[in-house]
Amino acid sequence: MSSIIEISESVRHYYGKVLQSTNDLKTSACCSIDSIPAHLKILLAELHPEVVERFYGCGSPLPPILSGCTVLDLGCGSGRDCYLLSKLVGEKGRVIGVDMTPEQLEIATRHRGWHAERFGYKNSNVEFLYGHIENLATLGIADNSIDVVVSNCVINLSPEKAQVMAEIFRVLKPGGELYFSDVFADRRIPATLRNDPVLLGECLGGAMYWEDFRRILTDLGCLDIRTTKESTISLDDPEVAAKIGMVNFRSVTVRAFKMPLEDRCEDYGQVACYLGTIPEHLHAFDLDDHHHFETGRPLRICGNSTDMLMESRYAPHFLVWGDKTTHFGLFDCTAGPQGESVAAGGNCC
């Protein structure tokens, strides 16, 4: 318990006192604005400069089709993603941001009225809660109450990652989506480095080993996790590289759903066609890094991919042929040319 408290206090100090702007970061774990999609860059220009300057994230984990949704942002910091989401969910939607750093939350909360006026809303649709992402129940976030959970390079900072994931799947509605960016390592971080204040604050010391992350979600009943994009993280600071340069890090954006899925991709002879009806994805939609749906072009998919599309808010944007009455064995979701699924072995994960 003392170690958990020490890690939380170290993170709180680093993000509340040490970092004063993105220029204070020592690594590329927090990605640049260039990683943000064009439609979000346009919205970013509408946000208060202080909110943007004091935000530290490692990607742009904001999925499409959010109008009217209730979205939970874990580790919201200064509120940048919450205010982007405020615009994306619309005045009838709701955004909840949770963070444990008072200095960051003060910035986020102070600009609620400013953004509501900027967006032409009668009242702000954003709420900020002070607390820990490991225990959302104490903040009054009920079971099956959230449409989408997002997080931007924060889960790695938690000393209780399994508990964070358990809370996420508790609060998600059936068919709800977890869509987040974080830092992953190619091995388990040595114990001597996990509590290093700088490595922890730079999102390296607490980076998850992918296989451990997969096991956590498997234990929670989430058997199919998708990667939508990833990039290598460079250790540009000599001091940081000297400490932990033997570990390879990557920033990964992950998509997972709260729904019963199989632990392997199975072939039921199903075919899906994207209708091109998502405004920011007129010509194509990527379910993950190897399911690229061109508008109007049918694509063979596995049973899990079918369920992800048809048992979630994505359903109105796809046509699917076939059911699960006939089984043809394992389905190959290995990425082929131009991201097409090919038959070669393996699963979708």
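**Observations regarding the packing of aromatic side chains**
- Summed over the entire model, instances satisfying the criterion amount to 12 aromatic pairs.
- Pairing Tyr274 with Phe318 gives two aromatic rings, centres 5.3 Å apart and planes at 45 degrees, and the pair type is tilted. Pair noted here: Tyr274 is in strand β9 (residues 270–274) and Phe318 is in strand β13 (residues 318–321), with a separation of 44 residues, a long-range link. No difference in accessibility class separates Tyr274 from Phe318, as the two residues are buried.
- Among the aromatic side chains, those forming a connected cluster through ring pairs are Phe257, Tyr274, Phe285, Phe293, Tyr314 and Phe318.
- The side chain of Arg250 reaches across the aromatic face of Trp210, ending 5.4 Å from its centre.

**Thoughts on the confidence of the model for the protein**
- The share of residues in the protein with pLDDT of 70 or more is 85%, and the mean pLDDT across the chain is 89.
- Confidence drops under a pLDDT of 50 for residues 336–349, and excluding neighbours within four residues, the segment shows 44 contacts in the predicted structure.

**Describing the pattern of salt bridges**
- Tallying each qualifying case throughout the model produces 21 salt bridges.
- Each of Glu50, Glu106 and Arg110 takes part in salt bridges that share partners, so that together they form one network.

**Observations concerning the nonpolar core**
- Ranked by internal contacts, the top residues of the largest apolar core, which has 31 residues, are Leu72, Ile168 and Phe213.
- Ignoring anything within four residues of it in the chain, the contact list for Phe213 reads Met165, Phe180, Phe184, Met208, Ile225 and Val254.
- Of all hydrophobic cores here, the second largest spans 27 residues; its members include Val89, Leu105, Val126 and Phe128.

**Looking at the environment of Ser124**
- Following the sequence through the fold, Ser124 ends up in the loop between α6 (112–119) and β3 (126–130).
- Residue class for Ser124 comes out partly exposed when judged on its relative accessible area of 25%.
- Considered as a pair, Ser124 and Trp114 are 10 residues apart in the sequence and their alpha carbons are 9.0 Å apart.
- Not counting the four nearest positions on each side in its chain, Ser124 is found in contact with Arg112 and Ala116.
- Of the polar contacts made by the side chain of Ser124, one reaches the backbone nitrogen of Val126; its length is 3.2 Å.

**A short note on a nonpolar patch on the surface**
- On the surface, a cluster of nonpolar side chains totalling about 280 Å² of accessible area is made up of Leu275, Leu319 and Trp321.
- On the secondary structure map, Leu275 appears in the loop between β9 and β10 (284–288).
- A residue is classified by how much of its surface remains accessible, and Leu275, at 35% relative accessible area, is partly exposed.

**Digging into the packing of helix α7 (residues 161–171) against helix α10 (residues 210–219)**
- Between α7 and α10, whose axes approach to 10 Å, the crossing angle comes to 40 degrees. Considered as vectors, α7 and α10 are oriented oblique to each other. Here α7 and α10 pass one another in a crossing that is right-handed. Mapping the contact onto sequence places Ala162, Met165 and Phe169 in α7 and Phe213, Ile216 and Leu217 in α10.
- Here the residues of the contact of α7 with α10 sort into 6 nonpolar, no polar and no charged.

**A few points about the sheet that holds strand β12 (residues 299–301)**
- Taking strand neighbours across the sheet as the criterion, the 3 strands line up as β12-β9-β13 in an open arrangement whose pairing is antiparallel. For this open sheet the edge positions go to β12 and β13, each flanked by a neighbour on one side alone. Between one strand axis and the next, the sheet turns by 35 degrees as a mean value, whatever way the strands run.
- Sheet topology note: the β9/β12 ladder contains 3 bridges and is antiparallel. Across the sheet, residue Gln270 finds its bridge partner in β12, namely Ile301.

Rules of the game
- Sequence order as written defines the numbering, with residues in each chain counted from 1.
- For this predicted model, a pLDDT threshold of at least 70 governs which residues receive local features, and a threshold of 80 or more governs which side-chain atom pairs are given and counted, while totals over whole chains, interfaces and linings are taken from all residues.
- As a rule here, side-chain values cover all heavy atoms of the structure and leave hydrogens and water aside.
- For Phe, Tyr and Trp, where Trp contributes only its six-membered ring, two rings pair if their centres lie within 6.5 Å, and the inter-plane angle classes them as stacked under 30 degrees, edge-to-face over 60, or tilted in between.
- Numbering of helices and strands runs from the N terminus, with a helix taken as a DSSP run of H or I at least four residues long and a strand as a DSSP run of E at least two residues long.
- Burial status follows relative accessibility: with a 1.4 Å probe on protein chains alone, a residue under 20% of its type maximum counts as buried, one over 50% as exposed, and anything between as partly exposed.
- Charge-over-ring contacts are defined here by two conditions on Lys NZ or Arg CZ: a distance within 6 Å of the ring centre and an angle within 35 degrees of the ring normal.
- Known as pLDDT, the predictor's confidence for each residue is given on a scale from 0 to 100.
- Residue contacts are counted whenever heavy atoms from the two residues lie within 4.5 Å of one another.
- By convention in these notes, a salt bridge is any Lys or Arg side-chain nitrogen within 4 Å of a carboxyl oxygen on Asp or Glu.
- We define the nonpolar core as a collection of buried residues of types Ala, Val, Leu, Ile, Met, Phe, Trp, Tyr and Cys that are connected through side-chain atoms lying within 4.5 Å of one another.
- As used in this structure description, the phrase polar contact means that two N or O atoms lie within 3.5 Å; if the pair is within protein, one of them must be able to donate a hydrogen and the other to accept it, and residues adjacent in sequence are counted only when both atoms belong to side chains.
- Exposure above 30% relative accessible area and no salt bridge define the residues that can form patches, which grow by joining like charges within 9 Å and nonpolar side chains of Val, Leu, Ile, Met, Phe, Trp and Tyr within 5 Å.
- Here, Shrake-Rupley sampling with a 1.4 Å probe gives the accessible areas, and only protein chains in the shown set may cover a residue.
- Orientation is described by lines fitted to C-alpha atoms, with helices fitted over the stretch in contact, and by angles between N-to-C directions that extend from 0 to 180 degrees.
- If an angle is under 35 degrees, it is roughly parallel; if it is over 145, roughly antiparallel; if it lies from 65 to 115, roughly perpendicular; otherwise it is oblique.
- A clockwise turn of the near helix away from the far one marks a right-handed crossing, whereas an anticlockwise turn of less than a right angle marks a left-handed crossing.
- Gly is put with the polar residues, along with every residue not named as nonpolar or charged; the nonpolar set is Ala, Val, Leu, Ile, Met, Phe, Trp, Tyr, Cys and Pro, and the charged set is Asp, Glu, Lys and Arg.
- Any two strands with at least two DSSP bridges between them are considered paired.

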